Amino acid sequence: MTQIAPPPRQAPPAPEEAARRKTQGPSVRTLVSPLALASTRGKALYWTVFGGVVLAFVLAFLFPVYWMASGAMKSPDELVQTPPTLVPESFSLTAYTDAWDLMQLPTHLWNTVVQAAGAWILQLVFCTAAAYALSKLKPAFGKIILGGILATLMVPAQALLVPKYLTIADLPLIHTSLLNDPLGIWLPAVANAFNLYLLKRFFDQIPRDVLEAAEIDGAGKLRTLWSILLPMSRPVLGVVSIFALVAVWQDFLWPLMVFSDTDKQPISVALVQLSQNIPLSVLIAAMVIASIPMVLMFLVFQRHIIAGISAGSTKG
């Protein structure tokens, strides 16, 4: 009977080779080999391609911003001339000052801030509480309730405009109208199924051991939410905050239906209502001013968005 010899054992790597593998980790294949990148020609080609890609992305994202900001500095004749000028012939900030005064931007910006802030606060409170209850408290028929909430995502937003308007115009039980009232924006914004599901999925990733440790220390359900879960949920709360604020800030059709009083309209509606007899440069300047708060908000919350990459990770 023939016996098959076992395969020869490989010699263990030398200590220097083992140390190199430990420090460098597993080898990774790339499009360009490290040997080619080590040469002068390879480095020059690499940095040329890298710089070109970065420049292309910068132009793609920042050029429209520059075009809008510089367009407000051009005269009305320069705006419509062909071919258009890349740099204004004479820089003037008159359009910005005219937009600030003629279009009553302080009033409409304040209206937008009030509506967006109220919707944001109420959405954080109620969506966080509902997500915590569905994720950690496990109420009766919780899965059915969650399924019903997620089913609302299948309904187009346009199909809900008429029922929402009829409800706001004559609020059930108390029979009062919320037209021309910020509550007409706040209350419909609270019922956001997507943000609720986003928060619930984050709470699901938090280990049960954390809550049990809080219970052993004597913390109740509300105390656990306030002192344990909310500090751990800053990344996802930052993302939800951006979704909530941007949704209200850029909405046009629903505020147009709710606010018939011009003095109470947000900036998105006022820009359209007051743009009939306004020069084009002034209208562009008003759009630039209206977009500044959203840019500042992103700069404030960008740290939380980046931190969301590692959201839910725990140290052992």
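Residues numbered from 1 in each chain as written. Predicted model: local features only at pLDDT ≥ 70, side-chain atom pairs only at ≥ 80, totals over all residues. Heavy atoms only, no water.

Regarding unusual backbone geometry
Step number 1: Cis geometry is adopted by the peptide bond preceding Pro-83, which originates at Thr-82 and carries an omega value of -5°.
Step number 2: Locating Pro-83 in the fold gives a position in the loop between helix 4 (76-80) and helix 5 (94-102).
Step number 3: Residues other than glycine seldom take positive phi values, yet Gln-104 does so here, at roughly 50°.
Step number 4: Residue classification places Gln-104 among the partly exposed residues on the basis of a relative accessible area of 38%.
Step number 5: One non-glycine residue with positive phi stands out, namely Asn-180, at about 60°.
Step number 6: When you line up the elements, Asn-180 lands in the loop between helix 8 (161-169) and helix 9 (183-190). (Helix = DSSP H or I, 4+ residues; strand = E, 2+ residues; numbered from the N terminus. Buried < 20%, exposed > 50% of the residue type's maximum accessible area, 1.4 Å probe, protein only.)

Notes on the layout of surface pockets
Taking a probe equal in size to a water molecule and rolling it over the atoms shows the remaining empty space.
Step number 1: The volume enclosed by the largest pocket comes to roughly 1000 Å³.
Step number 2: Surrounding the largest pocket, 32 residues form its lining, Ala-157, Lys-164, Pro-188, Ala-191 and Asn-192 being those nearest its centre.
Step number 3: When the residues that make up the lining of the largest pocket are grouped by side-chain class, the tally is 24 nonpolar, six polar and two charged.
Step number 4: One number sums up the size of the second largest pocket: a volume of about 270 Å³.
Step number 5: Along its surface, the second largest pocket is lined by 14 residues, and Leu-124, Val-125, Thr-128, Trp-226 and Leu-230 are the ones closest to its centre.
Step number 6: Mapped by element, the contributors of at least two residues to the lining of the second largest pocket are helix 6 (105-137), helix 12 (221-232) and helix 13 (234-250). (1 Å grid on protein atoms, 1.4 Å probe; cavity = no way out; pocket = protein on both sides within 12 Å on 5 of 7 lines; lining within 4 Å. Points joined across faces, edges and corners; volume = space filled by probe spheres on them. Nonpolar A, V, L, I, M, F, W, Y, C, P; charged D, E, K, R; others polar.)

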